[in-house]
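Breakdown of the fold
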Amino acid sequence: DTGVSQNPRHKITKRGQNVTFRCDPISEHNRLYWYRQTLGQGPEFLTYFQNEAQLEKSRLLSDRFSAERPKGSFSTLEIQRTEQGDSAMYLCASSSRTGVNSEAFFGQGTRLTVV
Amino acid sequence: GQQVMQIPQYQHVQEGEDFTTYCNSSTTLSNIQWYKQRPGGHPVFLIQLVKSGEVKKQKRLTFQFGEAKKNSSLHITATQTTDVGTYFCAGLRGQNFVFGPGTRLSVLP
């Protein structure tokens, strides 16, 4: 499978714990995005990388959230001191630099439940 | 900030009926993309519109970008049960796309 891969698919954690998600984009895609989606809503932008550089972060991304893409390939999203409001589907997407606004390929997502 | 809205929120149709979802932006859009998300799935890219007044077709799906580039529509002719899902529009903001809340389509056989 050469699509976008996300791990784990599901994560249940207790409030206050830290969690980390991983995203492996389509190889050679230099753009990587993280989105959050809650039930009945559209994907909500969190942050964006071009290669290893984090170029944009949403104002919605609190200090408890951090994302990295150390080698310009896979990315991790960490949430510290999780809160119940963090429960959502976290989606990763990647795109190539063919044109300015090429299509985004989404992974299956990581569903986080904070209890 | 840029707001992208979609109507209706839900649409139930009988198989064979047509379906249209509308996307409206508070600001002029340079590009707009449409995605489909099946129940339990992830968003899948359908199409991108760039030019004012642009119309693109994919089999039974017709996509339109408004003349003022502030609205867009997706029309499905003769819906099938395989069309079930949520349809999102996404407007370009900087280097990223702002997604609308989506229109959930149910098709009754």
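Data block above holds the structure.
Analysis parameters
- Residues numbered from 1 in each chain as written.
- Chains lettered and ligands numbered in written order.
- Predicted model: local features only at pLDDT ≥ 70, side-chain atom pairs only at ≥ 80, totals over all residues.
- Heavy atoms only, no water.
- Helix = DSSP H or I, 4+ residues; strand = E, 2+ residues; numbered from the N terminus.
- Rg over C-alpha atoms; globule rule 2.2 N^0.38 Å.
- Contact = heavy atoms within 4.5 Å.
- Buried < 20%, exposed > 50% of the residue type's maximum accessible area, 1.4 Å probe, protein only.
- Pairing = 2+ DSSP bridges.
- Disulfide = S-S within 2.5 Å.
- Axes fitted to C-alpha atoms, helices over the stretch in contact; angles between N-to-C directions.
- Buried area = accessible area lost by both parts, 1.4 Å probe.
- Salt bridge = Lys/Arg side-chain N within 4 Å of Asp/Glu carboxyl O.
- Polar contact = N/O pair within 3.5 Å; in protein donor to acceptor, adjacent residues only side chain to side chain.
- Nonpolar A, V, L, I, M, F, W, Y, C, P; charged D, E, K, R; others polar.
- Lys, Arg positive; Asp, Glu negative; His and termini not counted.

Considerations on the overall build of chain B
In terms of regular secondary structure, chain B is built from 0 helices and 11 strands. Secondary structure elements of chain B, listed N to C terminal, follow the sequence β-β-β-β-β-β-β-β-β-β-β. Computed over the C-alpha atoms, the radius of gyration of chain B is 13 Å, within 12% of the 13 Å expected from 2.2 N^0.38 for a compact globule of 109 residues. Taking as baseline every contact in chain B between residues at least 6 positions apart, the subset at least 24 positions apart corresponds to 53%.

Describing the pairing of strand β4 (residues 31–37) of chain A
All names here are of chain A. Along β4, 7 of the 7 residues are buried, which leaves the element largely enclosed by surrounding structure. A two-sided burial pattern is seen for β4, the buried positions comprising R31, Y33, Y35 and Q37 on one face and L32, W34 and R36 on the other. Taken together, the 6 bridges between β4 and strand β5 (residues 44–50) define a ladder with antiparallel strand orientation. Within β5, the residue paired with R36 across the bridge is E44.

A few points about the state of the cysteines
Residue and element names in this part refer to chain B. One pass over the full model with this rule turns up 2 disulfides over all chains. Note that C23 is cross-linked by a disulfide to C89, the S-S spacing being 2.0 Å. Taking the sign of the S-S torsion, about 75° here, the bridge from C23 to C89 comes out right-handed. Of the two residues, C23 sits in strand β3 (residues 19–25) while C89 sits in strand β9 (residues 85–93), which places them 66 residues apart along the sequence. Like C23, the residue C89 is buried in the burial classification.

Digging into the sheet that holds strand β1 (residues 4–7) of chain B
Residues and elements named next belong to chain B. In space, the 5 strands of this open sheet follow the order β1-β3-β8-β7-β6, with antiparallel pairing throughout. A strand with exactly one partner marks an edge of an open sheet, and here the two such strands are β1 and β6 (55–58). Averaged over all adjacent pairs, the angle separating strand axes in this sheet is 15°, with direction ignored. Where β6 lies against strand β7 (residues 61–65), 4 bridges are found, and the strand directions are antiparallel. By the bridge assignment, K57 is partnered in β7 with T62.

A look at unusual backbone geometry
Here the bond from N7 of chain A into P8 of chain A is cis, since omega is -10°, no more than 30 degrees from zero. Relative to the helices and strands, P8 of chain A resides in the loop between β1 (5–7) and β2 (10–13). Omega for the peptide link from I7 of chain B to P8 of chain B comes to -5°, which places this bond in the cis form. By the secondary structure assignment, P8 of chain B is in the loop between β1 and β2 (10–14). A positive phi angle, close to 55°, is found at K69 of chain B, a residue other than glycine. One can find K69 of chain B in the loop between β7 and β8 (71–76).

Some words on the interface of chain A and chain B
Across the contact, 20 residues belong to chain A and 18 residues belong to chain B. Buried surface at the junction of chain A and chain B, summed over both partners, amounts to about 1700 Å²; 45% is from carbon and sulfur atoms. If you look at where chain A meets chain B, you find 0 salt bridges. The interface formed by chain A and chain B includes 4 residue pairs in polar contact (both at pLDDT 80 or more). Sorting the residues of the side of chain A that touches chain B by element identifies β4 and β5 of chain A as the ones contributing at least two each. Top contributing element to the side of chain A that touches chain B by residue count: β4 of chain A, with 4 residues. The class makeup of the residues in the side of chain A that touches chain B is 9 nonpolar, 8 polar and 3 charged.

Considering the side chain of R69 of chain A
Residue and element names in this part refer to chain A. Relative to the helices and strands, R69 resides in the loop between β7 (65–68) and β8 (75–79). Despite being buried, R69 has no salt bridge partner; E52 is the closest side chain of opposite charge, sitting 7.0 Å away. A polar contact is formed between the side chain of R69 and the backbone oxygen of S73, at a distance of 2.8 Å. Excluding residues within four positions of it along the chain, R69 makes contact with P25, H29, N30, R31, L32, F49, Q50, N51, E52, F74 and S75.

The quantities given are spatial measurements derived from coordinates; they are silent on function.
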